[in-house]
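Overview (structure and organization)
These are the residues of each chain, in order.
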Amino acid sequence: PPRSTLFPYTTLFRSGKAPVRFSSGDLDNYSELNISNATDSIAIIKQRSPGITANNRAKITQSGSSNSAYIGQTGRNNIALIDQNGSNNDAAIGQLGVNSEALISQDGNNNLAVIGQANFSRQSSQLSIDQKGNGNTAYLVGSGRSNLGISQDGNDFALVKASSSMRIYINQAN
């Protein structure tokens, strides 16, 4: 049966088992896990923030087998989403600072996606990776006020390291 878990703190879930770890001092953060038809998968959300008002939001959705997803956010007003459908997909988002958004969508098998960003500019920053098909690899690193995106449709590789205020979109359609 589908499982939906709402926790305002660190969340770790292994499919086929009960949630195994919950801990936090940040009650102003929001975490959501939606796991359905998944086996041997893992989802981890860890959010931290200085002060009282964090307002970080994170969500992981998984369907399939042997998928792994990690979201780590430190700061305030950050949003992260990982959506995995398929098998043997790995995804990670790490955000540091304020007003950052990151999205990873994987629909296929054997895909790897990693997003990292540090944003201290107080300007919004959006990074995204969309992977369809099999065997895609994407690494995306950005800083404040960036809008970066990668779209892949099978057996593609992309690596982007951008400085602040950059706008880059890569479409690797075959």
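Residues numbered from 1 in each chain as written. Predicted model: local features only at pLDDT ≥ 70, side-chain atom pairs only at ≥ 80, totals over all residues. Heavy atoms only, no water.

1. Quick word on the overall build of the protein
In plain terms, the rule: Helix numbers and strand numbers start at the N terminus; a helix is a DSSP run of H or I with at least 4 residues, a strand a run of E with at least 2. A simple rule labels every residue: compare its accessible area, found with a 1.4 Å probe on the protein chains alone, to the largest value its type can have, and call it buried under 20%, exposed over 50%, or partly exposed in between. Two residues form a contact once any of their heavy atoms are found within 4.5 Å.
When its secondary structure is counted, the protein shows zero helices and 16 strands. Counting across all 174 residues of the protein, residues that qualify as buried make up 45%. Long-range pairs, those at least 24 residues apart, make up 29% of the contacts in the protein with a sequence separation of at least 6.

2. Remarks on the pairing of strand β6 (residues 57-65)
Going by this rule: At least two bridges found by DSSP between two strands is the condition for calling them paired.
Here strand β4 (residues 30-39) runs beside β6; their pairing, made up of eight bridges, is parallel. In the sheet register, Thr 39 faces β6, and the bridge partner there is Ser 65. Looking at chain direction, β6 and strand β8 (residues 79-87) are connected through nine bridges and run parallel. Counterpart to Thr 61 in the pairing with β8 is Asp 83.

3. A word on the side chain of Gln 47
Defined as follows: Whenever a nitrogen or oxygen atom comes within 3.5 Å of another N or O atom, the pair is scored as a polar contact, on the condition that within protein one atom can donate a hydrogen and the other can accept it, and that pairs from neighbouring residues in sequence are kept only if both atoms are in side chains.
Position of Gln 47 relative to the elements: it lies in strand β5 (residues 42-48). Using a relative accessible area of 1% as the deciding quantity, one classes Gln 47 as buried. Among the polar contacts made by the side chain of Gln 47, one reaches the main-chain carbonyl oxygen of Tyr 30 at a distance of 3.1 Å. A polar contact of 3.0 Å, which involves the side chain of Gln 47, links it to the side chain of Ser 31.

4. Side note on a nonpolar patch on the surface
Note the threshold: The patch calculation keeps residues exceeding 30% relative accessible area without a salt bridge and links them within 9 Å when they carry like charges or within 5 Å when they are nonpolar (Val, Leu, Ile, Met, Phe, Trp, Tyr). Every accessible area reported is derived by Shrake-Rupley at a probe size of 1.4 Å, with residue values counting cover from the shown protein chains alone. For salt bridges, the criterion is a side-chain nitrogen of Lys or Arg within 4 Å of an Asp or Glu carboxyl oxygen.
Residues Tyr 139, Phe 157 and Leu 159 make up a contiguous nonpolar surface patch of about 320 Å² in total accessible area. One can find Tyr 139 in strand β13 (residues 137-143). Relative accessible area serves as the criterion here: at 31%, Tyr 139 is assigned to the partly exposed category.

5. Overview of the pattern of salt bridges
Under the counting rule described, the total for this entry stands at two salt bridges. In this structure, the salt-bridge partner of Lys 59 is Glu 32, at a minimum N-O distance of 3.9 Å. Of this pair, Lys 59 sits in strand β6 while Glu 32 sits in strand β4, placing them 27 residues apart in sequence. Lys 59 sits in the partly exposed class, given a relative accessible area of 30%. Among the residues examined, Glu 32 registers a relative accessible area of 14% and is labelled buried. For Asp 130, the salt bridge identified is with Lys 132, shortest N-O distance 3.3 Å. Given the relative accessible area of 41%, Lys 132 is considered partly exposed.

6. Details of unusual backbone geometry
The phi angle at Asn 99 is positive, at roughly 60°, despite the residue not being glycine. Look at Asn 155: it is not a glycine, yet its phi comes out positive at around 55°.

7. A few points about the side chain of Asn 89
Assignment of secondary structure puts Asn 89 in the loop between β8 and β9 (90-98). The buried category is assigned to Asn 89, whose relative accessible area is 0%. Residues contacting Asn 89, with those up to four places away along its chain left out, are Ser 66, Asn 67, Ser 68, Gln 84, Gln 106, Gly 108, Asn 109, Asn 110 and Asn 111.

8. Some words on the confidence of the model for the protein
The cut-off we apply is this: A score between 0 and 100, pLDDT records how confident the predictor is in each residue.
A residue-level look at the protein finds 83% of positions with pLDDT of 70 or above and a mean pLDDT of 85. Across residues 1-9 the pLDDT falls below 50, and counting only partners more than four positions away or on other chains, this stretch makes 35 contacts in the model. For the stretch residues 17-25, pLDDT sits under 50, and the model shows 19 contacts to residues farther than four places along the chain or on other chains.

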